[in-house]
Amino acid sequence: MSAPRRPFLAGNWKMHGTREEAARLARELRGIIGGETERDVAVFPPFTALAAVREALEGSPIGLGAQNCHPEVKGAFTGEISAPMLRDAGCAYVLVGHSERRQLFGETDDTVARKLRAALAADLRPVLCVGETLEERKGGRTEETVRRQIEAALASLSPADLERITIAYEPVWAIGTGLTATPAQAQEVHGFLRVRLRALFPTAVADRTRIQYGGSVKPDNIDGLMLEPDVDGALVGGASLSATSFGAIVRYGRG
Ligand code: 13P
């Protein structure tokens, strides 16, 4: 039996919220889950709201993260934000390789690998997102796809690096569609990812790595997902924009 992994529930706010709206959401969330001690929680607001959310969450157990970073530390990269800048802005976490970045902004496995290294070098905790498209699933290429994605990102990293990384399995067909993977479908891929992690890293480290599920997670489907042995948390989009629903997701299984 592997050691129990501490659940990690995260809210990806995507491109939503003025500073005021984001701070309000953070304050509401703090009111609901500010006393959480058994589970890790983090929110990923847009860059412009990081400072306001940081202030609203000061002294609470809710962590702060950004949705993207540039692979370089600084330079002539107009419009980009580096990992050290995010650290300076108070972020503990950063999403890397979200499917929207891969699909809409042309991020390749190589870019994702470079961003992951930049995040680690800046002492951030990256959440590495992987997941297949509907076409890949229908073509029977789910495992091949997520294997390629994690191997490209994690190859040549040390076990100590992996200790700082969370994997998020987000099937593209389940994101924002209301089509959640069933708990069994999620477990099938999470279990496969765990096997691949064990092939790349010492078993103890692979077994400590948390694998979140993402894609239409809601208060009414989180319980079933979290019962699966290799589902260690969730990366929540739409339902994280309401403090009530994200609060309920964080508090899953407590009735
Ligand atoms: P939804 O929960 O809105 O499907 O989004 C999932 C996601 O992309 C989280 O990163």
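Above this text sits the structure in question.
Keep in mind it's a predicted model, so treat the numbers as computed, not measured. Each chain carries its own residue numbering, running from 1 in the written order of its sequence. Given that this is a predicted model, residues contribute local features only at a pLDDT of at least 70 and side-chain atom pairs are listed and counted only at 80 or more, while totals for whole chains, interfaces and linings are drawn from all residues. Where side-chain values are given, they derive from all heavy atoms of the structure, hydrogens and water being excluded.

Novice: What am I meant to see in the pattern of salt bridges here?
Specialist: Any two side chains of opposite charge can pair, given that their charged atoms come close. One speaks of a salt bridge when a side-chain nitrogen belonging to Lys or Arg is within 4 Å of a carboxyl oxygen belonging to Asp or Glu. Applying the stated criterion to the full structure yields 22 salt bridges. A salt bridge links R5 to D232, with the shortest nitrogen-to-oxygen separation between them at 2.8 Å. One end of the pair, R5, is in the segment before β1 (8-12); the other, D232, is in the loop between α11 (222-226) and β8 (233-236), and 227 residues separate them in sequence. For each residue, the accessible area found with a 1.4 Å probe, counting protein chains only, is set against the maximum for its type, and the residue is called buried under 20%, exposed over 50%, and partly exposed in between. Its relative accessible area of 16% is what places R5 among the buried residues. For the salt bridge of D109 with R102, the shortest nitrogen-to-oxygen distance reads 3.0 Å. Residue classification places D109 among the buried residues on the basis of a relative accessible area of 17%. Helix numbering and strand numbering both begin at the N terminus, where a helix is a DSSP run of H or I of at least 4 residues and a strand a DSSP run of E of at least 2.

Novice: I keep staring at the site of the ligand and nothing clicks. Help me out?
Specialist: Surveying the vicinity of the ligand reveals the residues N12, K14, H98, E170, A174, I175, G176, G215, S216, L235, G237 and G238. Between the ligand and E170, the relevant distance is 2.9 Å, taken from an oxygen atom to a side-chain nitrogen or oxygen of the residue. In protein, a polar contact requires one atom able to donate a hydrogen and another able to accept it; more generally it is a pair of N or O atoms within 3.5 Å, and residues adjacent in sequence count only if both atoms are side-chain atoms. Residue G176 places a main-chain N or O atom 2.6 Å away from an oxygen atom belonging to the ligand. Working definition of accessibility: Shrake-Rupley area with a 1.4 Å probe, residue cover restricted to the visible protein chains. Relative to its unbound accessible surface of 310 Å², the ligand loses 97% to contact with the protein. Only Asp, Glu, Lys and Arg are considered charged in this grouping, and only Ala, Val, Leu, Ile, Met, Phe, Trp, Tyr, Cys and Pro are considered nonpolar; every other residue, Gly among them, is considered polar. Looking at the shell around the ligand, its residues break down into 3 nonpolar, 7 polar and 2 charged. Nearness is judged by heavy atoms alone; a residue qualifies as near a molecule or strand once a single heavy atom is within 4 Å of it.

Novice: I would appreciate a short explanation of the sheet that holds strand β2 (residues 40-44) in the present structure.
Specialist: Pairing between the strands of a sheet comes from backbone hydrogen bonds, and it takes one of two forms, parallel or antiparallel. Two strands pair if DSSP finds at least two bridges between them. Pairing is parallel around the closed barrel formed by 8 strands, whose spatial order is β1-β2-β3-β4-β5-β6-β7-β8. Shown here is a sheet whose adjacent strand axes are inclined to one another by a mean of 25°, direction ignored. For strand β6 (residues 166-169) and strand β7 (residues 211-214), the ladder comprises 3 bridges, and the chain directions are parallel. Paired with Y169 across the strands is Y213, a residue of β7. Along the sheet face, helix α5 (residues 109-121) touches β4 (93-96) and β5 (125-130) and points at about 160° away from the line of β5. Residue contacts are defined here by distance: any two heavy atoms, one from each residue, within 4.5 Å place the two residues in contact. Helix axes are fitted to C-alpha atoms over the stretch in contact, other axes to C-alpha atoms as well, and angles between N-to-C directions run from 0 to 180 degrees. Relative to the sheet, helix α12 (residues 243-250) contacts β1, β2 and β8, its axis offset from that of β1 by approximately 160°.

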